[in-house]
Amino acid sequence: MDDLFIFLGQEWMLVGILVVLIYLYAWRERLKNGQPITTSEATLLINTEAGVWLDVRDSGEFKNGHMVDAINIPFSKLAEQVESLEKYRDKTLIVVDKMGQHAGSAGRQLGAKGFSVRRLSGGISEWQNQSLPLVKK
């Protein structure tokens, strides 16, 4: 353990560069997955018709409550059904899932296909925590 502190003291510049590189890598990956968006920013995008909700939860969860006019493509079927989103290429896709566990991966897939993607911070859980409306079908 003492050797670690000696190393850190002697090689502080290398350690600093490593920390910066790790941070930059994490930041780049975060952007690649679709930049996070708050509920108020997302609502503004939707209201100005510049955004479209893409709900990647399974159909059962979707039926229990979703945003108005949301498109439901379960995460497991996203790669197969990405063509159905072509008509929304000029808009920002706001990816929604339960708590954020699949939105990043979905954002990465869609971004690689050339879509403009944002992901809802906190997912549908955050939307519900803020007592925002859901449609049930």
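Residues numbered from 1 in each chain as written. Predicted model: local features only at pLDDT ≥ 70, side-chain atom pairs only at ≥ 80, totals over all residues. Heavy atoms only, no water.

J.: Which parts of the structure should I look at to understand the pairing of strand 5 (residues 116-120)?
T.: Each regular strand carries side chains that alternate between the two faces of the sheet. Across three bridges, the pairing between strand 1 (residues 35-37) and strand 5 is parallel. What sits directly across from Q35, in strand 5, is R118. Of the strand pairs in this sheet, strand 4 (residues 92-96) and strand 5 are connected by four bridges, and their pairing is parallel. When the sheet's bridge partners are listed, L93 is paired in strand 5 with V117. At this point the chain moves from strand 4, through helix 6 (residues 103-112), to the parallel strand 5, and the crossover so formed is right-handed. (Pairing = 2+ DSSP bridges. Helix = DSSP H or I, 4+ residues; strand = E, 2+ residues; numbered from the N terminus. Right-handed = clockwise from strand over helix to strand, strands pointing away.)

J.: Would you take a moment to explain the pattern of salt bridges for this structure?
T.: By the definition in use, this model includes three salt bridges. One salt bridge in this structure joins K98 and E61, with 3.8 Å as the shortest N-O distance. Taken together, the residues K98 in the loop between strand 4 and helix 6 and E61 in helix 4 (residues 59-64) connect sequence positions 37 residues apart. The partly exposed category is assigned to K98, whose relative accessible area is 39%. Residues R89 and E86 are paired through a salt bridge, measuring 2.8 Å at the closest nitrogen-oxygen approach. (Salt bridge = Lys/Arg side-chain N within 4 Å of Asp/Glu carboxyl O. Buried < 20%, exposed > 50% of the residue type's maximum accessible area, 1.4 Å probe, protein only.)

J.: Would you explain unusual backbone geometry in this entry?
T.: If you check the backbone angles, E49 has positive phi at about 60° while not being a glycine. For E49, a relative accessible area of 59% puts it in the exposed group. Within the chain, D69 stands out as a residue other than glycine whose phi angle is a positive 65°. Looking at the element boundaries, D69 is found in the loop between helix 4 and strand 3 (71-72).

J.: So what exactly am I meant to see when it comes to the confidence of the model for the protein chain here?
T.: The predicted model of the protein chain has a mean per-residue pLDDT of 89, with 96% of residues at 70 or higher. Strand 3 holds the highest mean pLDDT among the elements of the protein chain, 96, whereas helix 2 (residues 12-32) holds the lowest, 81. (pLDDT = per-residue confidence, 0-100.)

J.: What is the right way to read the sheet that holds strand 4 from this model?
T.: Strand-to-strand pairing in sheets goes through backbone hydrogen bonds, with the strands running parallel or antiparallel. With respect to topology, five strands assemble into an open sheet ordered 1-5-4-2-3, the strand pairing being parallel. Because the sheet does not close on itself, it has two edges, and the strands there are strand 1 and strand 3. Those strands touched by helix 3 (residues 39-47) are strand 1, strand 2 (51-55), strand 4 and strand 5, and its axis lies near 120° from that of strand 2. Packing of helix 6 onto the sheet brings it into contact with strand 2, strand 4 and strand 5, and relative to strand 5 it is tilted by some 175°. (Contact = heavy atoms within 4.5 Å. Axes fitted to C-alpha atoms, helices over the stretch in contact; angles between N-to-C directions.)

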